[in-house]
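Single-letter residue listing:
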Amino acid sequence: PSDFVFTLTPAADFNYKSEITHLQGHLGLSGQHYLSNGNLDHIDQNYQINSQHQATPKLNLSLNTSYIVDTTLQQELLSSGLVIGRSPRTSFLANPGMVYNITERLSTMINYNFTRVLYQAPQFTDYGIHQLGLSFNYTLRNQRTLLINNNIVREILYPGGNSYKTLGFYLGANHKFT
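Residues numbered from 1 in each chain as written. Predicted model: local features only at pLDDT ≥ 70, side-chain atom pairs only at ≥ 80, totals over all residues. Heavy atoms only, no water.

Caption draft 1: Structural detail: the packing of aromatic side chains. Under the defined criterion, the tally for this structure stands at 4 aromatic pairs. Taken together, the aromatic side chains of Y47, Y67 and F92 make up a single cluster linked through ring pairs. (Phe/Tyr/Trp six-rings, centres within 6.5 Å; stacked < 30°, edge-to-face > 60°.)

Caption draft 2: Just a nonpolar patch on the surface, in detail. Side chains of L61, M98, Y100, I102, I110, Y112, L132, L134, F136, V153 and L167 sit close together on the surface and give an oily, nonpolar patch of about 910 Å² of accessible area. Put simply, the parts of the chain that give the nonpolar patch at least two residues each are β6 (88-101), β7 (106-119) and β8 (127-139). Of the residues forming the nonpolar patch, the biggest block, 3 residues, is contributed by β8. Counting through the fold element by element, L167 comes out in strand β10 (residues 163-175). (Patch = residues over 30% accessible without salt bridge, like charges linked within 9 Å, V, L, I, M, F, W, Y side chains within 5 Å. Areas by Shrake-Rupley, 256 points an atom, 1.4 Å probe, with all protein chains shown as cover. Salt bridge = Lys/Arg side-chain N within 4 Å of Asp/Glu carboxyl O. Helix = DSSP H or I, 4+ residues; strand = E, 2+ residues; numbered from the N terminus.)

Caption draft 3: A look at the pattern of salt bridges. Per the counting criterion, the structure on display carries 2 salt bridges. When the shortest N-O distance is used, the salt bridge between R89 and D70 registers 2.7 Å. One end of the pair, R89, is in strand β6; the other, D70, is in strand β5 (residues 59-71), and 19 residues separate them in sequence. We note that R89, like D70, is buried. Put simply, E155 and K165 hold a salt bridge, and the shortest N to O gap is 3.7 Å. (Buried < 20%, exposed > 50% of the residue type's maximum accessible area, 1.4 Å probe, protein only.)

Caption draft 4: Expanded view of the pairing of β7. Of the pairings in the sheet, the one linking β6 to β7 comprises 11 bridges and is antiparallel in character. Opposite S91, over in β7, you have V117 as the bridge partner. Taking the residues that link successive antiparallel strands as the turn, the β6-β7 hairpin has 4 residues. (Pairing = 2+ DSSP bridges.)

Caption draft 5: Region of interest: the pairing of strand β3 (residues 21-34). Pairing of strand β1 (residues 5-8) with β3 involves 4 bridges; the strand directions are antiparallel. Note that in β3 the partner of F6 across the bridge is H33. Taken together, the 7 bridges between strand β2 (residues 11-17) and β3 define a ladder with antiparallel strand orientation. Looking at β3, one finds that K17 is bridged to H22. Turn length for the β2-β3 hairpin, with the two strands adjacent in sequence and antiparallel, is 3 residues. Examined bridge by bridge, β3 and strand β4 (residues 42-56) share 12 bridges and lie antiparallel to one another. The residue bridging S30 from the neighbouring strand is D44, located in β4.

Caption draft 6: Layout of the environment of L35. Turning to its location among the elements, L35 is positioned in the loop between β3 and β4. Assessed through its relative accessible area of 53%, L35 is described here as exposed. Once the C-alpha coordinates of L35 and S2 are considered, the two residues, 33 residues apart in sequence, prove to be 10.0 Å apart.

Caption draft 7: Structural view of the side chain of N113. Secondary-structure assignment places N113 in strand β7. Side-chain polar atoms of N113 contact the side chain of T115, separated by 3.2 Å. (Polar contact = N/O pair within 3.5 Å; in protein donor to acceptor, adjacent residues only side chain to side chain.)

Caption draft 8: Structural view of unusual backbone geometry. With a phi angle near 65°, Q143 is a residue other than glycine that sits in the positive phi range. On the basis of relative accessible area, Q143 is assigned to the exposed category, the value being 54%.

Encoded structure:
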């Protein structure tokens, strides 16, 4: 069966930038109205605040946060083209971090990421994620090549004490071609 869908997506963004502080914010709504299937009508919400602060010449602190209320409907349509079931869900994200410039060419970054996703429908499983990252970046003398090391520990927690743990160790290089 076909339907007409009307979408309205108002949003407001803000930016504040000084020599040592940068704040960004986003407030967004996305409403869908189905002409024939009013039971699918929904308003998604997306709120984000991201910040960075240069605490000292060598230390940069950051915090990224979000609060999102949406449904699985849009994500399932984008992924598979099918809608098996639909559930409103709420997700929270908090991601504090710190970059320390050890020398002019060597820096390290440590960050923590907490995510929590809650579904209303019982056919979907709530979960939480804890992730800790430690990175090292080294710029070679040519100033165009960056050597990168990322180390990540992640745990995904499900109800009933079930969990999934991963450890990642990544090496890479980034070269800017002129």
